[in-house]
Amino acid sequence: MSVTYPRKFRNSMSARDVMKHVVRDREIHLITLNRYRFSEQRSCKDLTDLIERLDGQPRELVRELSRHVSDEARHAMWLTDLLYELGSDLDKPPGMAYIEEFDRLLDKDGFETLEDGTIAALAAINVTEKRGCEYFSGHIQALKSAEQTPENIFIRETLERIMPEEAGHVRWGNRWLAQMAKKSPQHRQKVEQAKSKYAAIEQAAFEAGMDITMGAELRRVASLLDVANTLPLWERPAYLMERLPQTLIAPDLQLTRVQAAQKAWNRDPQAFMEKFVPMFLNGLNSSNSKK
Ligand SMILES: [Fe+2]
Ligand SMILES: [Fe+2]
């Protein structure tokens, strides 16, 4: 069975590259931790939704999902405690939340059978857990090379407690998907299709969350087409038409841009002109070269 891994940002920046920059800037570092907290908290809600939809069957899956919710709730609690101790915000993190873009790209149309819905949910959970592992491990590595302040050590120790459990969740998802695929050739095909579909959705959400530079709208349309290409032909037009206007106008993207520009300007007007503006325009170049 194929194994799908998340791709790097624009195929060039690894999680470790990104985290090296994040840990150097306290404000961005705390926002990143708050994003983790938000995602862990949200996954409790999503897993609970799945338990309710399953309505008791299969019993083994319901039991394992309830343990999963308890793990994610503990992760959210550890991160909340950490941010609280550091005197940081516990609010909804600023900017485009990865998890919300992921939700927007999901195909919410009903599934033919409960089993199809379960395969979809397991594939969706699995791909986001893989991204989580990649980022936690890049973050831990970056903190090991950073200055060993009490704050950095506290953050690293918290992430080191979460990381092995996340790796366990990825293995758990792989096991369930493999088990589903073994049932019949049709099941195998459904599992493979769900895996490539949710990998494309996750990649698109991830890139949208990272990319606020010029031309990001066009790159988001390209990602949307990547997702549509994983769907059966007859489902593609409706999927695209439903999401295309918001992808092009992208009000959340405009708001994030304004907030990021204001922040960069307030912190250091000279660096704003020397670093932020060229970085922003660079996005346009990469959009043109992609074309
Ligand atoms: Fe977690
Ligand atoms: Fe997890």
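The structure displayed is predicted, hence computed values, not measured ones.

Asks: What exactly am I supposed to notice about the coordination of the iron ion (ligand 2) here?
Replies: When four donors bind a metal tetrahedrally, each ideal donor-metal-donor angle is 109.5 degrees, and when six bind octahedrally, the ideal angles are 90 or 180 degrees. For the iron ion (ligand 2), the full set of protein donor atoms is Glu72 (OE), Glu129 (OE), Glu166 (OE) and His169 (ND1), and the range of their distances to it is 2.0 to 2.2 Å. Around the iron ion (ligand 2), the four donor atoms are arranged such that angles at the metal cover 77 to 148 degrees; this shape is classified as irregular. Donor residues binding the iron ion (ligand 2) come from one chain and are separated in sequence as E-x56-E-x36-E-x2-H. In this structure, the iron ion (ligand 2) lies 3.4 Å from the iron ion (ligand 1), and both are coordinated by Glu72. Placement of Glu72 in helix 3 (residues 59-85) and of His169 in helix 6 (residues 150-181) is noted, with a sequence separation of 97 residues between them. There is no split in this pair, since Glu72 and His169 are both buried.

Asks: What is the right way to read the coordination of the iron ion (ligand 1) from this model?
Replies: Coordination sphere of the iron ion (ligand 1), protein contribution only: Glu40 (OE), Glu40 (OE), Glu72 (OE), His75 (ND1) and Glu166 (OE), at 1.8 to 2.8 Å. Mapped onto the polypeptide sequence, the residues donating to the iron ion (ligand 1) form the spacing pattern E-x31-E-x2-H-x90-E.

Asks: Sorry if this is basic, but what is going on with the environment of Ala228 here?
Replies: Relative to the assigned elements, Ala228 resides in helix 8 (residues 216-228). C-alpha of Ala228 to C-alpha of Tyr239: the two residues are eleven residues apart in sequence and 6.9 Å apart in space. Not counting residues within four places of it along the chain, the set of residues in contact with Ala228 comprises Arg236, Tyr239 and Leu240.

Asks: Honestly, the nonpolar core in this entry has me stumped. Any pointers?
Replies: When a protein is soluble and globular, its nonpolar side chains tend to lie buried together. Counting residues in hydrophobic clusters, the biggest one holds 38 residues, and the most contacted among them are Tyr198, Ile201 and Tyr239. Those elements giving two or more residues to this core turn out to be helix 2 (26-54), helix 3, helix 4 (98-105), helix 5 (114-145), helix 6, helix 7 (185-210), helix 8 and helix 9 (236-249). Looking at which domains feed residues into this core, each of domain 1 (1-209) and domain 2 (211-291) supplies at least three. Setting aside residues up to four positions removed in sequence, Tyr198 forms contacts with Phe102, Leu106, Phe111, Ala120, Ala123, Ala124 and Val127. Core analysis: the second largest hydrophobic core is formed by 26 residues, Val22, Leu79, Leu86 and Phe206 among them.

Procedures and definitions
- Residues numbered from 1 in each chain as written.
- Chains lettered and ligands numbered in written order.
- Predicted model: local features only at pLDDT ≥ 70, side-chain atom pairs only at ≥ 80, totals over all residues.
- Heavy atoms only, no water.
- Donors = N, O, S within 2.8 Å, 3.2 Å for Na, K, Ca; no water.
- Tetrahedral: all angles 85-135°; square planar, octahedral: opposite > 155°, others 65-115°.
- Helix = DSSP H or I, 4+ residues; strand = E, 2+ residues; numbered from the N terminus.
- Buried < 20%, exposed > 50% of the residue type's maximum accessible area, 1.4 Å probe, protein only.
- Contact = heavy atoms within 4.5 Å.
- Core = buried A, V, L, I, M, F, W, Y, C linked by side-chain atoms within 4.5 Å.
- Domains from an automatic or database assignment.

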